[in-house]
Amino acid sequence: MVCALVYSCAKPEHILPNDKNTIADFYASLDGDGRNRQFNSRIVNDTVYVDVDYYYPIDSDNEVDLTKMLLRASLPTDAKISPSLEGYTDLTNPVHVTVTAGNGEQTNYVIVANKKGNTDVVTAKLTFEDGNGETQESDAIIIGRDINFSIVPGTVVNNPRITYSLNRHATGSITNGGSINLASPITFTVNSAGDAKTDYKV
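Residues numbered from 1 in each chain as written. Predicted model: local features only at pLDDT ≥ 70, side-chain atom pairs only at ≥ 80, totals over all residues. Heavy atoms only, no water.

**Student:** Account for the confidence of the model for the chain, with residues named and values stated.
**Tutor:** Here the chain averages 91 in pLDDT, and 92% of its residues register 70 or above. Predicted confidence for residues 1-8 stays below pLDDT 50, and this span has 0 contacts to residues more than four positions away or in other chains. (pLDDT = per-residue confidence, 0-100. Contact = heavy atoms within 4.5 Å.)

**Student:** Please provide a residue-by-residue account of the packing of aromatic side chains, values included.
**Tutor:** All chains considered together, the criterion is met by 3 aromatic pairs. Taken together, a centroid distance of 4.8 Å and an interplanar angle of 55 degrees make the contact between Tyr164 and Phe188 tilted. Taken together, the residues Tyr164 in strand S12 (residues 158-165) and Phe188 in strand S15 (residues 187-192) connect sequence positions 24 residues apart. A residue is classified by how much of its surface remains accessible, and Tyr164, at 12% relative accessible area, is buried. Note on Phe188: relative accessible area 1%, which makes it buried. The aromatic ring of Tyr88 is capped on one face by Lys68, whose charged end is 5.9 Å from the ring centroid. Between the NZ or CZ atom of Lys115 and the centre of the ring of Tyr54, over which it lies, the distance is 4.6 Å. (Phe/Tyr/Trp six-rings, centres within 6.5 Å; stacked < 30°, edge-to-face > 60°. Helix = DSSP H or I, 4+ residues; strand = E, 2+ residues; numbered from the N terminus. Buried < 20%, exposed > 50% of the residue type's maximum accessible area, 1.4 Å probe, protein only. Lys NZ or Arg CZ within 6 Å of the ring centre and 35° of its normal.)

Here it is in structure tokens:
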């Protein structure tokens, strides 16, 4: 009887609606593979840029179809996004969505697909002849957009040539296996599908 009286007098806990209405994370997947996170995004103010590879996998000839994208967003507790991201979304043009918090406050976003080819330099190697005329090689250390070759100070470097590997849809501004001038840093530009372009410093 005592327990019954205690519980009957307890006041229900009142939970205030959440006022958070921002997208914490956003990604996209392809038709038939919606469980995998294939394309990440960058959220800049009210714009969500979805970085989509022009081809997927990048070395294939399978051009990504922007009309059938599967989108996923991480939202605060009790927030909702409209229109719903269930099913396919066509990202050939910017898509406008609204995130509504539990208390009714809203934030508007624009989702934009940034469809570009891959411009990564996978490997690079410097080949040259030393002071004895012997062929030497140095594998590159690639950090971000810097392609660095480690050579012992004082080493004679004659006829330096660079070789590199890219995905098959990309091209480099220096002929693969071509001679380079190492007197000062040089710019190596990689171009790919979708007007993708990345400048590296060698």
